Amino acid sequence: MAGTAAKKALKAKQKASSTLLPCVLAVDLFYVVVRLVLRWSSATRWQVFALVFLNVLYGATFSTACEASTAPAGSISEYVFDLFVVSLAAQALAAVSEKGWWLLAVVPAFILYKAATYFRDRKPTPKQPDDNDEDQDPKKAIKQKIKRGRR
């Protein structure tokens, strides 16, 4: 009974792998046929570089993207899966349009959004007043000393 959760997780990862791998191969084939074969006259070395770069990205993130099916919500593997899917969509769009790569601009935009919300939602720690606080206004410090002396 103890291994049932691990077996289910392994099965989910295998299912994700068997779904994602054909998608990567199909998008790569589509990109090569449309951009590099049919539209060879407008292809530059940047299209070849992008194909190589994205395949390196897919290879580096494939196992983590497959783990997203079993990972808890908000884990890093969900973000890696999103990056994986956005990269696939950008590559498919770039096969038919020069501006398809602009879809990848959502990645740094999302990172900036997450950073901004992190800093915006961060609650400042309240500063505890200290009797010997030298950062206070000198007039307030004198008034506090006077009040202490009147007891």
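What counts and how
- Position numbers for residues count from 1 along each chain, tracking the sequence in the order it is written.
- Predicted model: local features are reported for residues with pLDDT of at least 70 only, side-chain atom pairs are reported and counted for 80 or more only, and whole-chain, interface and lining totals are derived from all residues.
- Side-chain measures were taken over the full set of non-hydrogen atoms in the model, leaving aside hydrogen atoms and water.
- Secondary structure follows DSSP: runs of H or I at least 4 residues long count as helices, runs of E at least 2 residues long count as strands, and numbering of each begins at the N terminus.
- The cut-offs for exposure are 20% and 50% of the maximum accessible area for each residue type, with area from a 1.4 Å probe on protein chains only; residues under the lower value are buried, those over the upper are exposed, and the others partly exposed.
- In this description, contact between two residues means that some pair of their heavy atoms is separated by no more than 4.5 Å.
- A carboxyl oxygen of Asp or Glu within 4 Å of a side-chain nitrogen of Lys or Arg is what we treat as a salt bridge.

Caption draft 1: Spatial organisation of the overall build of the chain. Assigned secondary structure in the chain consists of five helices and zero strands. For the chain, the succession of helices and strands along the chain, N to C, is α-α-α-α-α. Every one of the 151 residues in the chain was classed for burial, and the buried ones make up 23%. Long-range pairs, those at least 24 residues apart, make up 56% of the contacts in the chain between residues at least 6 apart in sequence.

Caption draft 2: Structural detail: the pattern of salt bridges. Here the structure, examined in full by the defined rule, presents two salt bridges. When the shortest N-O distance is used, the salt bridge between Arg35 and Glu98 registers 3.0 Å. You can see Arg35 sitting in helix α1 (residues 4-38) and its partner Glu98 sitting in the loop between α3 (76-96) and α4 (106-121), a full 63 residues away along the chain.

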